[in-house]
Structures are given as C-alpha cells and as structure tokens.
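# Structural overview
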Amino acid sequence: MWASAVLLVLLGSFGANALDNGLARTPPMGWLAWERFRCNVNCTADPKNCVSEKLFMEMADRLVEDGYKDAGYEYVNIDDCWMAKQRDANNKLYADPERFPSGIKGLADYMHKKGLKLGIYLDYGTKTCGGYPGSLDYLELDAKTIADWGVDMLKMDGCYADVKTMKTGYPQMTKYLNATGRPILFSCSWPDYERGAGIPINYTLVAENCNIWRNYVDIQDSWQSVLSIIDYYAKEQDTLVPVAGPGNFNDPDMLIIGDFSLSVEQAKAQMAMWAILAAPLLMSNDLRTITPEYRDILLNKDVIAISQDNAGIMGKRVLQHHANGIEAWTRPLSNGVFSIVFFSRSVKEPEFVTVVMKALAVSSDTSYEVTDVYAQKSMGVFKPTDSITVYVNPNGVVMLKATPQKVWKVENNMIVLN
Ligand code: GLA
C-alpha cells in the first residue's frame, strides 16, 4: 500500500514534467536540410538550392515518388534560416514571406497530404546559429506557434545561449510542448553544448525531456568527419548505450550519403554504422539528383530493418584490431538476433578478418545462422566456438545478421527452446 502510494506520486510527477509524446519508439527517419543546403538564402542567384518552401516540397515529392517514404523516411525537416529576420508585432515568429509564401502552416499541410511529417528548427538562445531570431523568453509562445502550424518535429539548437541554464531551459520547453497537446518529436542539441562547455551531462534528465539529442560536433561532407563521429561514440559508449531505447536515441547527426565526398564503400559504411548505433536516419542530400547506387544504399530494407528494430538497443564496439584498422561492432536486436558490423579504417587493401563467434558478444550458447546483409547471402550456421571469416574493403564494412537457431535442448529434466 505504502509502496504503491509512493509509486503513484513518483509516476505523477514524472508524467507532469517529462516528454510524453509516445514518439520515436524506433530511430526517426527522414530528411533534414542543413548539411547539404546550409543557410543558402539567395533565391535570386540560386533558386533551385536556396532554403525555401519549394526545396522542401521538391524533397517531399522525391520521398514519395522514389520509394523513400515506403522505406520509412517520413520527416521532412527545415533547419536554420527559414525565419523572417525579426518577430511580428505580437512577437510571433514567421517564415520569410518571399521564400515561404505558403507559410509554415501551408508547408505542413503539403506534407500531411502526402502522408509525411514536417520538422522545424528553433534556437534556445537569443539568436539561431545563423543569426535569426532566438527563442529565449519566447519558449511558450514558440511551442504554441509551431503546434498551431501543425509541425511534427522540433530541433532546438543552442547557439547564443548560457549553456549553464540548458538543464532547466530545455525541460521547460518540454513542458510547453506537452501542453500544446500535439505530439512533437523533440530533438535537443543541449548535451552537445554541455559537452562543448565542459559541463557534466545528466543523460537521465536529457532522456526524460528529449526524444533524440545531439552529442557531438556537426557532421560535414567528409569521410574524416564520419570517422571522428564514430570515434566519439566508441569512446563514450559506456555512457551512451544505457540511455538509448524506445523513445530516446543518441543522434550522431545526418546521413551524408549521396553528397560530394563519400565513396560507395564509405556510404555503405555510414549506413551500416548508423543502423548499429540506433541513430536517427536523417538524410541531408539532394534527392533530385542522387545517383542510383547511393539511393539503393539509403533504401536497403535489410539495413533499415536493423536500424528500426523494436528493442531499440544501441550497439557498441566490441573488438579493435590495431594493425589492420578493423573494428567489430554489435547491436543486439529483438528475439536474440544480433547484428555485427566489421568496419575498416584501412586505406590499403581488402583484408580477411577471422573472429571466433563468441568474441562478438553473442551471448548464449546457441548456434547462429549468419547472413551477409549487403551481399544478401547466407554464410552458414556457426557455433559460439566456430570462427567466422569476412573480407572487408578499405573504408568499408561487412554487415552481418546472426539469427539464433531454434533448437530444443534438455535443461533440468525439461525440454526447452535453446
Ligand atoms: C548548429 C547545428 C547544426 C545546424 C546549424 C544551423 O551548428 O549543430 O546542425 O542546425 O547550427 O545554423
């Protein structure tokens, strides 16, 4: 009786403060403007690539017509530089009227008619990183405004802000979002700013208030940038893995597949690693001009199925071979299945790698049927003591899925499913 009363009180206070939108049960998928289109507001000189409603509508059309929506990509996200340079007479934000003649509400309607969702960008400080109006002192008004427009996701950045106040300020925004009654997926940049400022990050608090959150620096259009991000997640994995789960995911930033820098091997590597990390799959690329080999990687349904596994567990690095630059990462999936990625930092030649199955953190004593996910072929059945050999290209991956064999065994005089 006493215990249940305490529980009720605890649940009550949790419910009132925490984000309760039921969203992001698996890592969110969609498209986000920033990495590819930045703060290009020059629609006179560059009408095709400037940040305008036309850009988002064209990306939405591609998502629907080229199979991305069917594969799970549903959010179309505006980033910085969408606003007019100041608030209106009632302090409300509004979109630059020349670049967004339909307004954000019109754009949200466009997305909803296509079965897509619209995301938007605000900044917790006095200005956005690109110098547009910030939300400090207007959090409640801005939460209401975006909800009235029919926005489905909010990325709240943290430029021009006192980082020390974020641990109270972001949760304040969570309350305002809850109060709108509209489910709005909340993406917080708060932990990244705390990291940058050397402030300890309380991930329990972050996870109570945000669906996804940036931990580390912005991705750029380079393999080096992808590598440095993967390094950070490996270094911090003991902190980051426990906070991820349905409703809450660490965000290593956008997919740059199909942009100017990654080779096909590197693109497959980013896709596989983001799936292993249970990361949001937010593409930042030009879907109007992307070539088929990159599109196929983004649409690979087996890799997406690993990313979207219901258990929502984030994977981690389990082996590092310093001599040949190859690492193994594993992610436990539902029903005892594992996904494994052999990831190569080598800049030399394809390498054979041989590992004993049980070194990949495959936990039970069951045999596993192993398939090569990109090659779409079975590699056979392996016992924990068996060795498995893969051939990994430089800057590339081999992604495997290991499915436990349903075999019966005798345990304590009973026949049980092994
Ligand atoms: C910060 C964010 C980026 C992007 C820009 C916009 O750098 O981390 O993802 O939103 O601001 O100015």
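Since we're looking at a predicted model, the values are computed, not measured. (Residues numbered from 1 in each chain as written. Predicted model: local features only at pLDDT ≥ 70, side-chain atom pairs only at ≥ 80, totals over all residues. Heavy atoms only, no water.)

## A look at the pattern of salt bridges
Test applied: Any Lys or Arg side-chain nitrogen located within 4 Å of an Asp or Glu carboxyl oxygen qualifies as a salt bridge. A run of H or I in DSSP counts as a helix once it spans at least four residues, and a run of E counts as a strand once it spans at least two, with each numbered from the N terminus. Exposure classes here rest on a 1.4 Å probe applied to the protein chains alone. A residue is buried below 20% of its type maximum, exposed above 50%, and partly exposed in between.
Scanning the model with the defined rule gives 26 salt bridges in all. Notably, a salt bridge pairs Lys 155 with Asp 79, separated by 2.7 Å at the nearest N-O pair. Of the two residues, Lys 155 sits in strand S4 (residues 153-157) while Asp 79 sits in the loop between strand S2 (75-77) and helix H5 (103-113), which places them 76 residues apart along the sequence. For Lys 155, a relative accessible area of 11% gives the class buried. The shortest N-O distance in the salt bridge between Asp 253 and Arg 214 comes to 3.5 Å. Placement of Asp 253 in the loop between strand S7 (249-251) and helix H12 (264-276) and of Arg 214 in strand S6 (residues 212-214) is noted, with a sequence separation of 39 residues between them. Residues joined in a network through salt bridges with shared partners are Asp 192, Arg 195, Arg 214, Asp 218 and Asp 253.

## Describing the packing of aromatic side chains
Put simply, the test is: Aromatic rings from Phe, Tyr and Trp, taking only the six-membered ring of Trp, are treated as a pair when their centres fall within 6.5 Å; an angle between ring planes under 30 degrees marks them as stacked, one over 60 as edge-to-face, and anything in between as tilted.
In this structure the tally under the stated criterion is 14 aromatic pairs. With centroids separated by 6.0 Å and ring planes inclined at 80°, the aromatic side chains of Trp 31 and Phe 56 adopt a geometry described as edge-to-face. With Trp 31 in strand S1 (residues 29-32) and Phe 56 in helix H3 (residues 53-65), this residue pair connects regions lying 25 residues apart in the sequence. Phe 56 matches Trp 31 in its accessibility class, with the two residues each being buried.

## A closer look at the side chain of Ser 52
Definition in use: Contacts were defined at the residue level, with two residues in contact if any of their heavy atoms lie within 4.5 Å.
Checked against the element boundaries, Ser 52 lands in the loop between helix H2 (34-37) and H3. Apart from the residues lying within four places of it in its own chain, the contact partners of Ser 52 are Cys 43, Arg 99 and Phe 100.

## Side note on the confidence of the model for the chain
Put simply, the test is: Per-residue confidence from the predictor is reported as pLDDT, a score between 0 and 100.
Put simply, the chain has an average pLDDT of 94, and 93% of its residues get 70 or more. Note that residues 1-15 has pLDDT below 50 and, in this model, 2 contacts with residues that lie over four places away or in other chains.

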